[in-house]
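Here are the chains, one letter per residue:
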Amino acid sequence: MRRITKLRTPIHFDSWAAVGGYEERRGPLGEKFDFCDISDKFGQSTWEIAEAEMGRVALNTALSKSGMSHDRIELLVAGDLQNQCVASSTGLSSFGIPFLGVYGACSTCTESLMTLCSFIDSSEHMTIGAAVTTSHNSAAERQFRTPIEYGGQRAPTAQWTSTAAGAFILGRGEGEVQITEYMPGRIVDGSTSDGANMGGAMAFAAFDSLQAYFEESGEEIRNFDCIVTGDLGKVGSDILRELLAKSISGAERIHTDCGLLLYDFKKQDVHSGASGCGTSASVLACHFLPMLKEGKIRNILFMSTGALMSPSSLLQGENIYGIAPLIRIENMKGSE
Amino acid sequence: MDSKVKKELIKKHSPSSSLFKNSLLAFFFGGLICVIGELLLMLYSHLGCDEKTAGILVTVTLIFIAAILTALGIFDKIARHAGAGTLVPVTGFSNAVVSEAMDSKSEGYVLGVGAKIYTVAGPVILYGILSGFVYGVIYYIYTLVEGMKL
Amino acid sequence: MSIPYQLILTFISGGIICVIAQLLIDLTRLTPARILVLYVSVGVLIYAVGAFDPMKDIFGAGVTVPLIGFGANIAKGVREAVEKEGLLGALTGGLTASSAGITAALLCGLFASVLFKTKSKRM
């Protein structure tokens with residue numbers, strides 16, 4: 001079975017934007033975000049609508065950075081963590097752009113970029129599309145865990161759902177930073193039902209995707225500057241690096257995880273790291289894409305990692321399943 | 001990779017909670033809240049309440065203090081360190097009720113606040129009542145048997 | 001018993017009861033909600049075997065403030081009601097005895113939801 005798709009038409013990142021909240025502003029990448037609302041409310045009365053508004057602000061920011069009007073966007077692919085992806089549909093409804101809602105838990109960012117690439121690549125007319133991913137700590141706590149003011153202790157393996165959004169505008173044609181390949185992930189049993197250890201559950205999916213990628217492509221590790229995972233956190237990253245060291249030697253040394261980059265482990269009580277689909281989306285937008293554009297790094301594999309579960313499935317003691325779709329992003333300048 | 005290998009890997013890389021630190025903090029905060037309760041009990045008795053009334057007033061006062069701290073967003077900051085120290089005293093019951101109520105306000109006062117206020121309080125009341133009922137039945141049978149002996 | 005001595009006994013007994021719960025949470029991954037349910041039921045049991053009143057005499061609020069006190073209160077109410085009303089007391093005693101605490105918590109919750117707004121969690 002062949003899983004890697006090489007894009008036939010070049011597709012480039014036209015612009016991007018990262019929006020976050022209070023803790024994201026305090027983190028080491030805080031300065032690089034385009035906008036952070038330290039009230040986490042984005043001027044709204046409920047956390048759910050605050051997340052929707054954050055997605056709208058992110059797309060608006062990306063649009064203004066590209067100097068494009070929203071009516072030039074032909075397709076919008078977006079997702080979030082709320083039931084039925086309602087943050088995306090509520091927040092992005094005012095743009096009037098044809099819309100595809102996607103759900104991949106925390107793998108949504110890569111899933112949406114991949115879907116958008118596939119549409120642009122196969123369409124005869126489509127040239128510009130946008131992808132938006134959001135997650136909000138308070139909305140996620142309410143949906144998946146406990147009330148916000150509830151006094152509980154988080155396990156050391158628990159992760160912090162980020163209040164963050166990433167928006168990307170992709171265009172057909174060559175550009176400085178292009179997506180060149182994509183590979184959907186497989187659903188991999190995480191062999192744990194512990195909702196406070198999602199990083200551990202997702203590590204095996206990330207490993208599965210990397211193993212499949214290197215086996216099929218025959219690529220060598222030295223061709224890549226970074227292998228980026230979404231939100232494995234400390235626990236998941238440790239597991240993945242141990243697995244990589246055994247079978248794809250060298251890969252463990254260039255692995256980095258967005259969940260480890262977003263917050264300051266010394267200053268912030270983050271436990272195992274950041275999670276939530278906004279994590280990989282915002283870190284891609286405010287950290288990796290600028291570095292790719294400046295040529296500091298030239299070639300990365302980017303995998304948002306998703307923990308597939310619901311509040312009911314956790315209560316029923318079902319295992320958490322992981323998924324890790326993969327895209328390859330390259331700086332094309334001077335690559336000849 | 002089979003499930004057993006995965007489970008072992010997860011276990012190997014997952015740090016466990018700091019038992020000593022958590023226990024020490026739970027001991028300190030739990031003890032402290034009980035001492036506050038004892039002082040309140042002495043105060044109410046001093047003011048002339050009988051033992052039963054004073055006991056009820058202590059419970060109600062602690063529930064009220066925990067509710068205020070929850071409403072002001074302070075309780076969860078203490079509980080993060082105190083753990084079971086704030087959970088096990090009646091303050092934990094109060095926090096669970098008040099935080100659920102505040103959180104579900106956006107879904108309305110009937111099916112939001114009204115229903116979800118029982119999310120944690122409900123199980124506590126239900127199984128408290130169940131245990132009490134079972135004890136009541138056993139105690140009733142016991143009194144009958146004792147009565148027959150006489 | 002002198003007041004400082006009483007307070008020390010209260011502090012130690014209340015602390016130990018909380019430490020047991022903390023160890024159950026950390027070692028067995030029992031969720032906090034289950035701990036509360038467990039403690040209330042254990043309170044009923046301790047009262048039923050006749051151990052609660054002697055403990056209360058020594059430790060005071062150290063055993064009445066933790067949720068086992070809530071459970072013991074239910075058991076005490078049931079016992080008194082059974083003595084007065086017979087088997088019907090098994091149905092009425094528990095809620096009657098715990099009504100003050102439950103009502104206070106529910107009303108506090110309702111008023112807090114009317115008057116206050118949640119703030120986002122900080123690390």
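Computed from a prediction, not measured in an experiment: that's the story for all the values here.

Thresholds, definitions, all that
- Residues numbered from 1 in each chain as written.
- Chains lettered and ligands numbered in written order.
- Predicted model: local features only at pLDDT ≥ 70, side-chain atom pairs only at ≥ 80, totals over all residues.
- Heavy atoms only, no water.
- Contact = heavy atoms within 4.5 Å.
- Buried area = accessible area lost by both parts, 1.4 Å probe.
- Salt bridge = Lys/Arg side-chain N within 4 Å of Asp/Glu carboxyl O.
- Polar contact = N/O pair within 3.5 Å; in protein donor to acceptor, adjacent residues only side chain to side chain.
- Helix = DSSP H or I, 4+ residues; strand = E, 2+ residues; numbered from the N terminus.
- Axes fitted to C-alpha atoms, helices over the stretch in contact; angles between N-to-C directions.
- Parallel < 35°, antiparallel > 145°, perpendicular 65-115°, else oblique.
- Nonpolar A, V, L, I, M, F, W, Y, C, P; charged D, E, K, R; others polar.
- Buried < 20%, exposed > 50% of the residue type's maximum accessible area, 1.4 Å probe, protein only.
- Pairing = 2+ DSSP bridges.

### Topic: the interface of chain B and chain C
Many structure descriptions define interface size as the accessible area lost when the parts assemble. Taken residue by residue, the interface counts 65 residues in chain B and 68 residues in chain C. A per-residue breakdown of the area chain B buries against chain C is headed by Phe 27, Val 88 and Tyr 135 of chain B, which together make up 13% of the total. Linking chain B with chain C are 1 salt bridge. Note that Lys 56 of chain C and Glu 51 of chain B form a salt bridge whose closest N and O atoms lie 3.2 Å from each other. Applying the counting rule to chain B against chain C returns 15 residue pairs in polar contact (both at pLDDT 80 or more). For the side of chain B that touches chain C, the secondary structure elements donating two or more residues are helix H2 (19–46), helix H3 (51–71), helix H4 (75–82), helix H5 (84–87), helix H6 (90–103), helix H7 (109–116) and helix H8 (118–149) of chain B.

### Things to note about the packing of H2 of chain B against H4 of chain B
Residues and elements named next belong to chain B. Packing of H2 against H4 leaves a shortest axis separation of 8 Å and a crossing angle of 130°. When the axes of H2 and H4 are compared, the pair comes out oblique. Judged by residue contacts, Leu 25, Ala 26 and Phe 29 of H2 engage Ile 78, His 81 and Ala 82 from H4. Among the residues forming the contact of H2 with H4, the class breakdown is 5 nonpolar, 1 polar and no charged.

### Structural notes on the pairing of strand E3 (residues 75–79) of chain A
Residues and elements named next belong to chain A. Of all 5 residues in E3, 5 are buried; the element is thus mostly enclosed. Neither face of E3 is left uncovered, since the one carrying Leu 75, Val 77 and Gly 79 and the one carrying Leu 76 and Ala 78 both have all their residues buried. Pairing of E3 with strand E5 (residues 128–135) involves 5 bridges; the strand directions are parallel. The residue bridging Val 77 from the neighbouring strand is Ala 131, located in E5.

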